[in-house]
Structure formats: structure tokens, C-alpha cells
Amino acid sequence: MIIGIDLGTTNSLVAYMDGDHCRVIPGPDGRATVPSIVGFLDNGMLVGDPAREHLVRSPSRTVYSVKRFMGKALADVADELKYFPYTLQEKGGVIRIQIGDTLYSPPQVSATILKELKRRAEAHLGEDITKAVITVPAYFNDSQRQATKDAGRIAGLDVLRILNEPTAASLAYGLQQRTRGFIAVYDLGGGTFDISILKLKDGIFEVLATNGNTHLGGDDFDRRMVEVVVQDMNTRHGVRVEESQELMQTIRLEAEKTKRRLSDERQVHMAISLSDGKGIYERTWSRDEFEALIVDLVEQTMASCRLAMKDAEVEPGQIDEVVLVGGSTRIPFIHDRVRALFGKTPHCDLNPDEVVALGAAVQAGILAGDNKDMLLLDVTPLSLGIETMGGVMNAIIRRNTTIPTSAREMFTTSVEGQTSVDIHILQGERDLVKDNRSLARFQLKVPPLPAGGPRIEVTFLIDANGMLNVTAADIRTGQSQSVVVKPSYGLTDDEVENMIRESFQFAQQDVQARQVIEARVEAESIVTSTELALQRGMDLIGREEVQTIQQAVAELRAAKNQNDHRVIRSKIADVEHVTHHLAEVLMDATLKEALENKKLSEVRD
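Residues numbered from 1 in each chain as written. Predicted model: local features only at pLDDT ≥ 70, side-chain atom pairs only at ≥ 80, totals over all residues. Heavy atoms only, no water.

A.B. asks: Would you take a moment to explain the pairing of strand S21 (residues 392–397) for this structure?
C.D. replies: Regular strands place side chains that alternate from one sheet face to the opposite one. The buried count for S21 comes to six of six residues, which makes it a mostly enclosed element. Inspection of the sheet shows strand S20 (residues 384–388) paired to S21 by five bridges, in the antiparallel sense. Of the residues in S21, the one forming a bridge with Glu-387 is Met-393. Remark: three residues form the turn of the hairpin made by S20 and S21, two consecutive strands paired antiparallel; Gly-390 in that turn has positive phi of roughly 85°. (Buried < 20%, exposed > 50% of the residue type's maximum accessible area, 1.4 Å probe, protein only. Helix = DSSP H or I, 4+ residues; strand = E, 2+ residues; numbered from the N terminus. Pairing = 2+ DSSP bridges.)

A.B. asks: Got a minute to help me understand the sheet that holds S20 in this structure?
C.D. replies: Spatially, S21-S20-S24-S25 is the arrangement adopted by the four strands of the open sheet, whose pairing is antiparallel. Every other strand in the sheet has two partners, leaving S21 and strand S25 (437–449) as the edge strands with one partner each. If you compare each strand with its neighbour and ignore which way they point, the axes differ by 30° on average. As defined by bridge partners, S20 adjoins strand S24 (residues 418–427) across three bridges and the pair is classed as antiparallel. Bridging across to S24, Gly-385 finds its partner in Leu-426. (Axes fitted to C-alpha atoms, helices over the stretch in contact; angles between N-to-C directions.)

A.B. asks: How should I be thinking about the packing of aromatic side chains in this particular structure?
C.D. replies: The description of an aromatic ring pair rests on the distance of the ring centres and on the angle between the ring planes. Scanning the model with the defined rule gives seven aromatic pairs in all. Look at Phe-69 and Phe-84: their rings are 5.1 Å apart centre to centre, the planes differ by 70°, and that puts the pair in the edge-to-face class. Remark: Phe-84 occurs in the loop between strand S7 (62–64) and strand S8 (87–91) and Phe-69 occurs in the loop between S7 and S8; sequence separation between them is 15 residues. Assessed through its relative accessible area of 5%, Phe-84 is described here as buried. Relative to Tyr-86, the ring of Phe-69 lies with its centre 6.3 Å away and its plane at 85°, an arrangement referred to as edge-to-face. One end of the pair, Phe-69, is in the loop between S7 and S8; the other, Tyr-86, is in the loop between S7 and S8, and 17 residues separate them in sequence. The burial state of Phe-69 is the same as that of Tyr-86; both residues are buried. Site record: aromatic cluster; members linked through ring pairs are Tyr-64, Phe-69, Phe-84 and Tyr-86. The ring of Tyr-64 has Arg-252 sitting right over it, with the charged end atom 4.0 Å from the ring centre. (Phe/Tyr/Trp six-rings, centres within 6.5 Å; stacked < 30°, edge-to-face > 60°. Lys NZ or Arg CZ within 6 Å of the ring centre and 35° of its normal.)

A.B. asks: Where do I start with the sheet that holds strand S9 (residues 94–99) in this structure?
C.D. replies: Read from one edge to the other, the open sheet built from three strands follows the order S8-S9-S10, with strand pairing classed as antiparallel. Since the sheet does not close on itself, it has two edges, and those belong to S8 and strand S10 (102–104), each with one partner. In this sheet, neighbouring strand axes are inclined to one another by 40° on average, regardless of whether the strands run parallel or antiparallel. With three bridges joining them, S9 and S10 adopt antiparallel strand pairing. By the bridge assignment, Ile-99 is partnered in S10 with Thr-102. Relative to the sheet, helix H2 (residues 106–125) contacts S9 and S10, its axis offset from that of S10 by approximately 75°. (Contact = heavy atoms within 4.5 Å.)

A.B. asks: What am I meant to see in the pattern of salt bridges here?
C.D. replies: For side chains of opposite charge, pairing can occur when their charged atoms come near one another. Inspection of the entire model under this criterion finds 31 salt bridges. Arg-223 is the salt-bridge partner of Asp-220, the closest N and O atoms lying 3.7 Å from each other. Linking Asp-220 with Arg-223, this pair stays in helix H5 (residues 218–237), spanning three residues, or about one helical turn. Its relative accessible area of 13% is what places Asp-220 among the buried residues. Residue Arg-430 is joined to Asp-435 by a salt bridge in which the shortest nitrogen-to-oxygen separation is 3.4 Å. A relative accessible area of 7% places Arg-430 in the buried class. (Salt bridge = Lys/Arg side-chain N within 4 Å of Asp/Glu carboxyl O.)

A.B. asks: So what exactly am I meant to see when it comes to the layout of surface pockets here?
C.D. replies: Where empty space is left becomes clear once a probe the size of a water molecule has been rolled over the atoms. Considering only enclosed or pocket space, the largest pocket measures out at about 750 Å³ in volume. Put simply, the parts of the chain that give the lining of the largest pocket at least two residues each are S20, S24 and helix H11 (507–537). Taken together, the residues of the lining of the largest pocket sort by class into nine nonpolar, twelve polar and five charged. Residues from two domains meet in the lining of the largest pocket; each of domain 3 (382–490) and domain 4 (495–601) gives at least three. As a volume, the second largest pocket reaches approximately 580 Å³. At the level of elements, strand S2 (11–18), H5 and helix H6 (245–262) are the ones that each hand at least two residues to the lining of the second largest pocket. For the lining of the second largest pocket, the element with the highest residue contribution is H6, accounting for five residues. Counted by class, the lining of the second largest pocket contains eight nonpolar, 15 polar and 14 charged residues. Shared between two domains, the lining of the second largest pocket holds at least three residues of each, these being domain 1 (2–217 + 294–377) and domain 2 (218–293). (1 Å grid on protein atoms, 1.4 Å probe; cavity = no way out; pocket = protein on both sides within 12 Å on 5 of 7 lines; lining within 4 Å. Points joined across faces, edges and corners; volume = space filled by probe spheres on them. Nonpolar A, V, L, I, M, F, W, Y, C, P; charged D, E, K, R; others polar. Domains from an automatic or database assignment.)

A.B. asks: Which parts of the structure should I look at to understand the nonpolar core?
C.D. replies: Proteins that are soluble and globular tend to have nonpolar side chains buried together. If you look at the biggest cluster of nonpolar residues, it comprises 48 residues, and the most contacted ones within it are Tyr-186, Met-233 and Phe-342. Per-element tally for this core: the top contributor is helix H7 (residues 287–312), with nine residues. Three or more residues apiece are contributed to this core by two domains, here domain 1 (2–217 + 294–377) and domain 2 (218–293). Aside from chain neighbours lying at most four places away, what touches Phe-342 is Ala-184, Ile-195, Cys-305, Met-309, Pro-316, Ile-319 and Val-322. (Core = buried A, V, L, I, M, F, W, Y, C linked by side-chain atoms within 4.5 Å.)

Here it is as C-alpha cells:
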């Protein structure tokens, strides 16, 4: 049995395939969701609902929203530290959560939640569970995906597949039963937002494009309400809420409850008991007031939807189905905005909290061989490539390429007698290395040959989990070197989004910079090769021709420092023109020498 797990920011669930039906596994109380909260006691840990109750009593020893920290450094969440009652530190570039004198990594805390789901599944199914499919936001980078796999391993699970949450949702809705069409999956959970545009054809799901924000969700809606309440409470009652973590958590939980009720009611009365006998704080919230608080956050999700459609090269009118996923999509305002953007009523038939876990179970069934009629294809969210001469990034696998995939390109050396090649692996959408993210470096030894002599084949392979393996091989010697790109913690969702946005914003500037660099590299190569040719053929041509070539080379050397690639190209063309006769003379001399050597060899024989 392979189970499907939705490891969520707010709630987590586990599901499995029961014949042809996918089912969420409930707990002893009949509830399917396990709150993603872990409470630390002196003699153990609490998970789920007991931990939620522990949050109010001991907030500094209760961890929630740990998914926000997966694969991140402390600097990535600096603006949010004030919202968390527990202490965060950094060790080895990775966030650590301090509980008493002990430091825990986010994967360790997440593993505690996964262990609870594993226990629930084993109790329900009556067998040991060791294999799972775990879902993540489509926009999770390699660090966050690896952190999720690490959590599974700590929990005693072999994570067979890391599956994008929107892709899982499309499986849960059984949209594969359509013959073909375009599907938009809008997934807004407690802490993350994804939009995926999928193409369905003959039972094959293909993700055409993804976009989103790994730091935007229902938690942020709660915070907007909390900020209003805290300010109002300070003004009306003179209470310094910041000095009481217990009161702050009470406000946060009450804000979440009020938000949920506003999805069904037009007005909700909020009442919070104050400490130190200062009475009760009361306030009535209207749905319109709440919507005004979150309108800019909702519009951020709409902007991501438009970018995803642009990348997928589809218009809203071409979208056949729209699916809502995540508990935050219960908010009527979000439902209305999605319907207005896509021009059709979205699917919301299944419980939005359960749909991702159900889809993970479907994927688990595919891996277990239960469903052989379905194929699932995903995409890589950012381009991958290597650094080439002049600080230029050469993209080998483009953004939104379907995975698993592989690609290879041939390269050579640029320096005489070069004995090693530095392979610098990059991720991003800009033309220049300095504007992209460095993933890894390694060196390949090559025999000392003239520039351009070695033939180096670089292969990029991305597996179904989005993990990258890079191999460089010397075709002549067969020697190779490879690396599995290890996650580099610290890439924020803003940086991912900025990479894509800047690729559009600076597109013309990048192209011009690339053209200049490529022209300079070619000019340098031509200057070197022409000077070598001139040394060999100076006695074979006239003095006037030698001077003409030397003058053209001098002009090219001066021009290659300019910032106009057209000027450099013009001088390259001049050198090629004046050296045409020299090239012919050298070719004739080489052939003549070869014939004479052959005759001499025949005479000796």
C-alpha cells in the first residue's frame, strides 16, 4: 500500500486508494484533518488538535506553520518573526526552531506530523506503511522539495514522488475523464498559493505553466485581522498585546474563527477576554470590511494567474475547467474574483481541504500499478543551464519544460593547453550569470589541447521529483564527472518571482548585453587565431598584405572593448575579409606539406 499525504501549512491529511475510489483516512474522532501543529512537552510531543489547545497555554513551546520555514534561511522570514511566539535561529544556513535548550529543524517538526499521519493510516488499514506520495506547492524550489523528502525519511517513509498540489487536485476531480482541454487549478491554502495551467489530451495530464507564491495564504488574511484587533485593543483598552504571547495566540485563533464564519455570514461578533481584569474586547466584523483588508493579497493571486496563462500561451476564454483547492477558497470574495477572471464558475464540489490528499492517493495508485491508463507529466519552474565564456548563461533546460526530462549540449575550451573545465550550474531567466542563481560547481579534467580541441558533452537530467543531475564528459577520453545538485537554502519565493519578472523587464537589455559579450568572445578568439596564422604564413604573402591584416587586427582589438556589438561584428567581418587569401595560402601549404611527407614515406618504404 502506498499512501498519499497532503502536508499542509494549516492542516495535513492522508488518503489511499480503495479499489477505484480514493478515500481520506479519518482519525478516532472522525475528523479527516490533522492540524499542522506540534506541541513540545517535557516528556514528549503533542500533534494536531491537542497541540492546538497547547498553543494557547504554552505558545513558546508550540510550533505551527512550519511549512513556511521548509528549505529556508532566517533572512527569508525576517519580516514575519514577530508573528511567531517560538524562537528561531539559524545553523548551517538553515532555520532551527529553539524549544528550551534543544534546536529542531523544520523537517524534524514536519516529520512529527507525518508520523502521526503514518500511524493513522496503519491503524485504519491494518498494515505497516513505508511508502508515500507527498504533495508540495507547485512553486516550491529544489531546497523546499528536498526538505520535504527529508521530513518523510525522518518519519520512516520512502517518498516515492513529490507531487505538485494543483496537479494532485486535477486528479482528484477525475478531470482525466475529459477527452481533452485546458484546466486551471487555483490553490490557496493556509500558507501558500499556486496556479497551474494543465493540458489534458487522451488521458495525459501535462502542466503547461505554474506560478504562485510560497508565502501567501489564509495565515496572511488572519494576520491582517489580527493587526486591526491588536491596534484597536491597545487604543480602546490600553492593553499592550505584544507583552502577552498567550493573548496574542488567543487573538490569532479568534481571528481565524471569525474569518471562517464570514464565509457563511454577513456579520460576525468577536469577543475576547482580556487579562488582568480589563474586561472583554468586543467588535463586530462585516464581510465587506474583511474583504477590504485582503483585497491587495487576493489581487496578487490574480496577477499570478495572468502570468501563468501568458506562459502557457492561453487566454481565459480557452480554459475549459477551473478548480478551486485549499480551505481559503471558501471565502466568497475569492470565488467571485476567480469566476470574473476566467469567465466561468469554478469547480468546488469536493471538500477543498481534502482534494489534494485525494489526488495524492490517485498518484500513489498509479505508482502502485493500480491505474495503468493514466500518465502524469509535470514541469520545471525555472530554466537551468551553465556559465559560458564572458559570464553568459547558456540555458540547457528551459522554464516550464515537461519533466522528467534530459538535455545535452556540446562545449569546448577557449584557452590553449587548458587542463580542466569549470562547470558552473545556474538557475534563472536572465542572460547574464550575475543575474541568476548559482546552484553548484564542479571541474572536469581534460588533456592539454589547442583551444577548441576538447569535445565536452554536458547532460542535464531532471527526475520526476524535480531533482537535477548534471554530468560532463570528455568525448575523446571518456572521462566524466557528475553531481546531484544539492539544495541551496535561502532562495525566497520573491526571488523566484523576481527572476521571472525581471526576465521580461530587462529582456531587451539582457539581449544587448549578451550580444556584446558574445561578440567580444568571438573577437578575442579571432584575434588570437589570426595572429597565430600570420606567424605561420608571413613569408607566404606580401609585406603589404601583412600590414593590412595587422591593421585590421589592431582595429578589432580596439573595437572589442566597445559596448556596441554591431561595431565589433563589423571589425570581425573586416578581419575575415582581409585574411581570406592568407587562409587559402595556409591551406595550400598544409596540403603540399602533407603530400611531400607522404611521398617521402613511400620512398623510405
